[in-house]
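Observations on the three-dimensional arrangement
One-letter residues, chain by chain:
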Amino acid sequence: MSAAQKPPVFSAFALAALLIAVLVPMAALLLYGLSGRWDRHWWPEAPTLRWFGEAVRDPRVQGAVLRTTALALASATLALICGALATIPAAIAAQLDPHPKAAALRRALDLIALLPFAIAPVVIAISALELFVGRWGGWLPLPLVYVAVVAPTLFPLIHKTLQSALAQLNAAALIEAGRTLGASDALTIRRVLLPMLAPALLAAFLLAWVTAAMEFAIANLLLGGQLELLQPLMNSLRNANGHQAAALMVLAFAGVGAVVAGVAALTRRWTAVDQPR
Amino acid sequence: MSSIASPTLDGGAAATADAPHLAVRDARLALGGRPVLRGIDLTLARGEVVALLGASGCGKTTLLRSIAGLQQLDEGSIAMGGRFVQSLPPQRRDIGMVFQHYALFPNLSVRENIRFGPLARGEDAAQADARADELLALIDLQAMADRLPQALSGGQRQRVALARALATRPMLLLMDEPFSALDEHFRLPLRRQFRQLQRELGQSCVIVTHDREEAFEVADRVAVMFDGVIAQCASPRELRRAPVNRRVADFLGMFNRLDARTLEGTWRRESGHWIAPVEALMLAGDSPDTHGAPALRFPATLRANYPGQQRVACEFEGPNGQTLTLWRRHEDAELAAGSTVELTIAEPAMRWIED
Amino acid sequence: MALNAGSAWRCAWPLLLLTGVALVLPFGWRAATIFGDCIGHGDGCAIGELTADGYYLEAAWNTLWLSALSALIGLLIGLGAAIALLRLPRMERPVTLLASLGANFSGVPLAVALLLLFGAQGVVTVSLQSMGLPPWIDLQGLGGLLLAYVCFQAPLAALLLIAPARMLDASLQDAAATLGAGPALYWRRVGLPLLLPSLVEVFGLLFANAAAAFATPFALSGTAAHVLAVRIASLVSGDIFAQPELSALLALILFAMLAAVLGLTRWLAARLRKGIA
């Protein structure tokens, strides 16, 4: 890295703009959640922890948090299993096997990772609502439908996370070494590759969990009045009591922040545990 | 050379003690439409080391990987110890392989890396442990046995890769440029240690390398490869004495070459070239009395002097523009660039080869 | 079982099945019924309603330019920030963390925070009023939506551009300096052209992110938000009588828009990459 020079003016300004755009709304929310009132001056008044306390003790909130956590966990698990099963062998086979089918699989997976961007969550929710709840709602349990519909939207995240971890791994050489030592590919995967991918798998899982928990469109439209999840709850609370809603949002984001920080620490670990040069 | 028993079908009777450890017949392989192996024949006896020497792209690594089973041949056969193996996966061939960048398992300790092969092949834990201890002593790395590969230096990793490959007592050891990733400082001692070890163990070995010095020091026979064929497979001494054609002679880089069509008198031929080892080229004034034996004499112009570590290489331009190298010692008087001198090569040193 | 193209394809089946059933099936069904309506009997088709009254076309247009503009602004901020971080390596970890949070901080919490600051009763609005100045921005209008979009587009852009920016080897700029080129010339002739494929690709993703956004416009203006995502939902689960066919048609239009932009940007990025490599 060349000597740290001062960044050019434009980029310094952009960095500042970025920090403002991220920090100011969050700070405003935090202050609102901590203040008794904020409608008279441009500063908040009556600092209190009452909103945070009420938010935590509210049974409606607790119920929503529990439900959201559980459903998001299920979606993330489903997405991780299907996603890892697809991404990991595909990436390694593309390096090992010159057969065009391997490259075709990689392209197919890249396409599937793009689908949730092209088919917006609103559209997914409405379509699923019509088909699975409207037509077939009789014998399809709603939570199952929700989990199954949210899981594919988490695949792009998992795909990207696993691919970047695999790129640093040189998995193909390790599998070949295993073969020359007399080990089946399954054994090498089990004893060498999966342990090495463990941090990446965990990171992908955590990110998927958080993303699923913060989901709004599908939670709102598909589950509607039947199951109340966190984001829709926050939306209805804000009309009743803005301060409490703000407190709840701050708590939720503190949770998200903790998970994201944890994932960042994990990521650093697996980029630091280097390959033999 | 051992007598060659006719290879039995895959999975057939056990190898006879005399069967060659490797017999490749007419191996052919095309990758991406391009022919990479164009009819390779290679035989290896027990305890022999053969080096596959060639420039990048000549197919030597592909050949090694085909022998290992990491690549399937289009045509041809590979037999080990009398058994046809070309349709077997690597796990079922009796081989060990050392990769160019070692491919050590990063999450397993040195000991666990070495135990991996025996365990995978069904030995029990106690046996595998004993074998690992044996090899750790052999490569002198007992102190690092429980460390991870990242904690080791390049030379240490190379030794671990070797030990891991030898742990299953393979019939044939395959090595893909095993010393090229090392600092030059370590290459020489490590390859001599390896040669020592190989002789002690009597391990049959195929080594891929592009380093000529390495091939000559380590191997019993060197197979020089160009464009998917083996141009010549002979002992280093034989290669030095009689390279089979111009291309091999040029690749080995140890000869001065003169086109036979451009010479006069008794030296002239209709085709082919005359080669002589570099050390045989001398200044006419320096050469000893030739006792009447005809020597080749010609004028040449000095282009430049290149003082190396051991000696000075003087690059001359011969009478027909060809480049000739003369070795002089540092203490000899320096010749001026651009000067023309008379050079000579004694007749016994000259050898005719075809194009 | 050896790891090769065939076995990799087999391992990918759970994912293919999940995506097919949960994502493609409902959307495809809906699209098929629309096509059936339109091709079968022309007057049962919703296209008439679409073109008769410019209302929905306006929503589509809003989606288009809001997404493009917010993507562009976000891209500029993100790029500048990523470049600034190259020179300030110690800030990279905290800024990346903040950016991850910021990219997730969309929807209800962002809307509440912005309303708090810039809404009709917002802190900044009220303060400006007391000073005799007009409000800075109409949060319920499209300007407000743009501001909100930028608040989560910029951090996302920064996150996506940190890796490509890092690939701009520091030695390149050093080499340019020894040849007598100042920073501006370097960026114009070397830096930006090298970054261009990544910029194009990230623009596509940002566009898709904004066009598909439902939570943020919904949280800001409820069902009155005049973008496609909200229109699609409100036509089905709104207060007035439902118009599922029109909703399906709008969903198709949104899909077409997204697919076109994503496809175009990826193709363009690939072409540019080939030109460089």
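This structure is a prediction, so every number in the text was calculated from the model and none was measured. (Residues numbered from 1 in each chain as written. Chains lettered and ligands numbered in written order. Predicted model: local features only at pLDDT ≥ 70, side-chain atom pairs only at ≥ 80, totals over all residues.)

1. Thoughts on the overall build of chain B
A tally of regular secondary structure across chain B gives 8 helices and 18 strands. For chain B, the spread of C-alpha atoms along the principal axes amounts to about 75 × 45 × 40 Å. The burial tally for chain B puts 38% of its 355 residues in the buried class. Counting only contacts in chain B whose residues sit at least 6 apart along the sequence, the fraction spanning at least 24 positions is 63%. (Helix = DSSP H or I, 4+ residues; strand = E, 2+ residues; numbered from the N terminus. Buried ≥ 20, exposed ≤ 12 C-beta atoms within 10 Å, placed from the backbone. Contact = placed C-beta atoms within 7 Å.)

2. With respect to the overall build of chain A
Each helix and strand counted, chain A has 11 helices and 2 strands in total. Along the chain direction, N to C, the helices and strands of chain A fall in the order α-β-β-α-α-α-α-α-α-α-α-α-α. Dimensions along the principal axes, computed over C-alpha positions, put chain A at roughly 75 × 65 × 35 Å. Every one of the 277 residues in chain A was classed for burial, and the buried ones make up 51%. Sequence-distant contacts in chain A: of pairs separated by 6 or more residues, those separated by 24 or more amount to 72%.

3. Details of the interface of chain B and chain A
Across the boundary between the two partners, chain B contributes 25 residues, which contact 18 residues of chain A. Elements that contribute at least two residues to the side of chain B that touches chain A include exactly β6 (95–98) and α2 (110–120) of chain B.

4. Some remarks on the interface of chain C and chain A
In this complex, chain C contributes 78 residues to the contact, which on the side of chain A involves 82 residues. With 10 residues, the single largest contributor to the side of chain C that touches chain A is helix α2 (residues 13–40) of chain C. Residues of the side of chain C that touches chain A, tallied by class, amount to 60 nonpolar, 14 polar and 4 charged. (Nonpolar A, V, L, I, M, F, W, Y, C, P; charged D, E, K, R; others polar.)

5. Quick word on helix α6 (residues 108–118) of chain C
With 11 of 11 residues buried, α6(C) is to be regarded as a mostly interior element. The complete set of buried residues in α6(C) reads V108(C), P109(C), L110(C), A111(C), V112(C), A113(C), L114(C), L115(C), L116(C), L117(C) and F118(C).

6. Observations regarding the domain arrangement of chain B
Taken domain by domain, chain B consists of domain 1 (22–94 + 170–241) and domain 2 (254–353). Between domain 1 of chain B and domain 2 of chain B, the C-alpha centre-to-centre distance is 35 Å. (Domains from an automatic or database assignment.)

7. Observations regarding the sheet that holds strand β11 (residues 255–259) of chain B
All names here are of chain B. The sheet built from 3 strands is open, its strands ordered β11-β12-β18 with antiparallel pairing. At either margin of the open sheet sits one strand with a lone partner, and together these are β11 and β18 (351–353). Recorded for the sheet is a direction-independent mean angle of 35° between the axes of neighbouring strands. Alignment of β11 against strand β12 (residues 273–277), held across 5 bridges, turns out to be antiparallel. Directly across from L258, in β12, lies its bridge partner W274. (Pairing = 2+ DSSP bridges. Axes fitted to C-alpha atoms, helices over the stretch in contact; angles between N-to-C directions.)

8. Some words on the packing of helix α5 (residues 121–135) of chain A against helix α12 (residues 228–237) of chain C
Contact pair α5(A) / α12(C): the axes reach a minimum separation of 9 Å and the direction vectors enclose 15°. Considering their axes alone, α5(A) and α12(C) lie roughly parallel with respect to each other. Once α5(A) is placed against α12(C), the crossing between them reads as left-handed. Along its contact with α5(A), which presents V122(A), V123(A) and I126(A), the element α12(C) presents A229(C), I232(C), A233(C) and V236(C). (Parallel < 35°, antiparallel > 145°, perpendicular 65-115°, else oblique. Left-handed = near helix turned anticlockwise from the far one by under 90°.)

9. A closer look at helix α8 (residues 185–213) of chain A
Look at α8(A): only 36 Å from first C-alpha to last across 29 residues, short of the 42 Å you get at 1.5 Å a residue. Its maximal kink placed at A198(A), α8(A) deviates by approximately 50°, while the proline P199(A) follows within four residues. (Expected span 1.5 Å × (residues − 1). Bend = angle between axes of the 7 residues up to and from the residue.)

10. Details of the domain arrangement of chain A
Interfaces are often described in size by the accessible area the parts lose on coming together. Residues and elements named next belong to chain A. Looking at chain A, the domain boundaries give domain 1 (9–47) and domain 2 (58–272). Relative placement of domain 1 and domain 2: their C-alpha centres are 31 Å apart. Taken together, the contacts link 4 residues of domain 1 with 6 residues of domain 2. Here the side of domain 1 that touches domain 2 is built from residues that sort into 3 nonpolar, 1 polar and no charged.

11. Here's the deal with the pairing of strand β10 (residues 229–234) of chain B
With 5 bridges joining them, strand β9 (residues 221–226) of chain B and β10(B) adopt antiparallel strand pairing. The partner of V224(B) across the bridge, within β10(B), is Q232(B).

12. Let's talk about the packing of helix α3 (residues 59–96) of chain A against helix α6 (residues 142–167) of chain A
Residue and element names in this part refer to chain A. Contact geometry of α3 with α6 gives a least axis separation of 6 Å together with a crossing angle of 45°. As the angle between them shows, α3 and α6 are arranged oblique. The crossing of α3 and α6 is right-handed. Listed contacts from α6 to L71, A74, S75, A76, L78, A79, L80, G83, A84, T87, I88 and A91 of α3 are P143, Y146, V147, V150, A151, L154, F155, I158, H159, L162, Q163 and L166. For the contact of α3 with α6, a count of residues per class yields 19 nonpolar, 5 polar and no charged.

13. Digging into the confidence of the model for chain B
Residues and elements named next belong to chain B. Here chain B shows a mean pLDDT of 88. Residues at 70 or above account for 94%. Highest mean pLDDT in chain B belongs to strand β3 (residues 49–53) (96); lowest belongs to strand β13 (residues 281–283) (86). Here residues 1–15 scores under 50 on pLDDT; set against residues more than four positions off or in separate chains, the count is 28 contacts. This complex was scored by the predictor with a pTM of 0.84 and an ipTM of 0.86. (pLDDT = per-residue confidence, 0-100.)

14. Details of unusual backbone geometry
Backbone geometry at N170(A) places phi at a positive 55°, although glycine is not the residue there. A residue is classified by how many C-beta atoms lie within 10 Å of it, and N170(A), with 15 of them, is partly exposed. With a phi angle near 45°, D227(B) is a residue other than glycine that sits in the positive phi range. Tracing the backbone through its elements, the reader meets D227(B) in the loop between β9 and β10. You can call D227(B) partly exposed: it has 15 C-beta atoms within 10 Å.

15. As for the sheet that holds β13(B)
All names here are of chain B. Spatially, 5 strands are ordered β13-β17-β14-β15-β16 in an open sheet, and the strand pairing comes out antiparallel. Sheet topology places β13 and β16 (323–328) at the edges, where each strand pairs with a single neighbour. When the angles between neighbouring strand axes are averaged without regard to direction, this sheet yields 50°. Examined bridge by bridge, β13 and strand β17 (residues 340–345) share 3 bridges and lie antiparallel to one another. Bridging from a neighbouring strand, M282 pairs with T344 of β17.

16. Considering the environment of L23(A)
Residue and element names in this part refer to chain A. Along the chain, the position of L23 falls in helix α1 (residues 9–34). Residue class for L23 comes out partly exposed when judged on the 13 C-beta atoms lying within 10 Å of it. The spatial distance from the C-alpha of L23 to the C-alpha of I158 is 27 Å, given a sequence separation of 135 residues.

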